[in-house]
Structure formats: structure tokens, C-alpha cells
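Close look at the chain arrangement
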Amino acid sequence: MTVLELLPLLGPSEQAYLDPEGPRSMRALVVEGKVSLAPKARVLILLGLALSDEVLADSARKALQALGSSVLTESITDLPDAVLLALVESLTEEQRTLWLNDLFDSQAAAAVAHVWPLPDSVAAFVQPIRVADDGQEEVVPDPTPLETLPKLLKLGLAERGNAYACRVLAQNKDSRIATAVLKNTGLDDKTTALIGRNSATHVAVLNALADSKEWTKFYRVKLALLQNPKTPLVVSMRFLGVMQSHDLKQLSNTRTLPSALLVRAKQMLEQKAHRK
């Protein structure tokens, strides 16, 4: 990215510190911390100098890296993805790690997670995995690397990962991470049905799926929710009326489902038989 992308995010007086025609001594004052600036302006100006001023770049980067996690977190609201990514990449690995822990509980968590670089250890969870017609994934990576992944990176992986990553993270105990998989643009109805059918899936995901017009237009997703004993009964009852006879029969014989659902499925099956 370039300084030109930073200028609209600053006020006129703040933009002057990134003016290449202005005196370098004025820009140096910001690097030295001798200018009173709002946290967001300070971060953006230091980032701009680190990107554009050959003389002050190293000093500006060190000054940026010296800012505490709280200052960085306070400064990133409503920043474009390109700016967020440039900011993350300007930090040391140690500072990124410290910042990760503070960021998850902030309002900016989702925005930063969307662009935060994912480590090589989870590359297998980003590469496409083909789902066969029977709904089974043909190659499944070892889920162990996900266990130690910081929460913010799990949030980012939920939105950017492959089908298997979505299935694993939909089971996460944190509802924010689990429901983030539904924002994944690579998610299709086959994978969504696998998520909906899995009894280990977080109940927040099941409720979100049930309320989603995008996903409940697919018959297989509605059936998957009905097949899941963890799906709230009020949700299951909503979809029972659109089930085909052979699926109603299968549901009525599934002993792991709520008894009220089994009774209603049998009643509907009988009603369909009488209408023939």
C-alpha cells in the first residue's frame, strides 16, 4: 500500500506530517514522540513514514512497534483492509503475539482477523478440499495445529479456511468463532449440511443456520438440522412439514431425536399415506 491510501484517514493538519515536501525535522518530531496526536493519527503517521520516508523508515517502524497493544487496538477501528494488513506486517513477531491476545475481546477483532496472516502450520486448512457427492471429504488434514492456534487466528481461519476447517471450527466452544464459519465465502450447501448434521456443532451455529434464508433454501440443510439431536425442537418442528416421505420415515425411527419430533414425524407420515 502507499501513503496516498493513508491521507484520507487523517485530518488536514495531520496529513502535513506525511508531506514529502515538508521539512523532515517536523516528521522526526512524530517519530520521537514530541508531537501531541490522537492514538489513531500517531499510528497512521508512523505507518506512513515507515512505508515512505527512506531516512526515517527504520525509526518510524521502531516507534510503531514500541506502542502498546492497547494503543494499537484503539487505533484500528474502521481502517481499510489494506491499512490493517500493512500495520500487522510492520510489527515484530513478538508484538503480534502480544497483540493477538488483547485483540480478540475488542470490537475490532473480526476486522483484523479477516486480514491477519495465517501461519504456515495451518496451510492445510486453507487449501481447497474437495467434497464428494456423498458429502465425505476426500482428504482430511490433522486437526492438531488448530488446538494451539490463538483465538483471533481461529476467527480468521473460520472465515478463510477450507471445508474441513469450517467443520472443525463450527464445533468451537466460543460462539463467535463457531458462527464465523457461516461468513466463509467458500462454504457450500454440502459442507453446511455436514456442519448442521454434526451433533458436536455449536448450538449457536445451528440456530444461525435455521434463521438463514441463504442456507435453509437447500433441502439437505433443513434435513441435516432435523437429523441433529442438538437442534432446538422449535427449530426442527419448523422444517418437518417440508420433508419427503422417505426422510420422515427415517426421522421417525431415529431414537436419538426428541420424542415429540418422532411422534410428529410419524403423524405426518400417516397423513401423507392417507392422502394417497
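In what follows, the structure referred to is the one given above.
Computed from a predicted structure; not experimentally measured. (Residues numbered from 1 in each chain as written. Predicted model: local features only at pLDDT ≥ 70, side-chain atom pairs only at ≥ 80, totals over all residues. Heavy atoms only, no water.)

The next point concerns helix H13 (residues 189–197). An α-helix turns once per 3.6 residues; consequently, residues spaced three or four apart project the same way. Among the 9 residues of H13, 7 are classified as buried, and the element is accordingly described as predominantly covered. Listed in full, the buried residues belonging to H13 are Asp189, Thr191, Thr192, Ala193, Leu194, Ile195 and Gly196. Elements that come into contact with the buried residues of H13 comprise helix H11 (163–169), helix H14 (203–210), helix H15 (213–216) and helix H16 (219–227). One side-chain oxygen at the N-terminal end of H13 lies 3.3 Å from the backbone nitrogen of Lys190; it belongs to Asp188. (Buried < 20%, exposed > 50% of the residue type's maximum accessible area, 1.4 Å probe, protein only. Helix = DSSP H or I, 4+ residues; strand = E, 2+ residues; numbered from the N terminus. Contact = heavy atoms within 4.5 Å. Polar contact = N/O pair within 3.5 Å; in protein donor to acceptor, adjacent residues only side chain to side chain.)

One non-glycine residue, Asp78, lies in the positive phi region at around 65 degrees. We classify Asp78 as exposed; its relative accessible area is 70%.

Attention now goes to the packing of helix H2 (residues 24–31) against helix H3 (residues 39–52). Two numbers describe a pair of packed helices, the interaxial angle and the distance between the axes. Relative orientation of the contacting elements H2 and H3 amounts to 125 degrees, with a least axis distance of 10 Å. Overall, the two elements H2 and H3 adopt an arrangement that is oblique. Both H2 and H3 take part in a crossing whose hand is left-handed. Residue-level contacts link Arg27, Val30 and Val31 of H2 to Arg42, Ile45, Leu46 and Leu49 of H3. Partitioned by chemical class, the residues of the contact of H2 with H3 number 5 nonpolar, no polar and 2 charged. (Axes fitted to C-alpha atoms, helices over the stretch in contact; angles between N-to-C directions. Parallel < 35°, antiparallel > 145°, perpendicular 65-115°, else oblique. Left-handed = near helix turned anticlockwise from the far one by under 90°. Nonpolar A, V, L, I, M, F, W, Y, C, P; charged D, E, K, R; others polar.)

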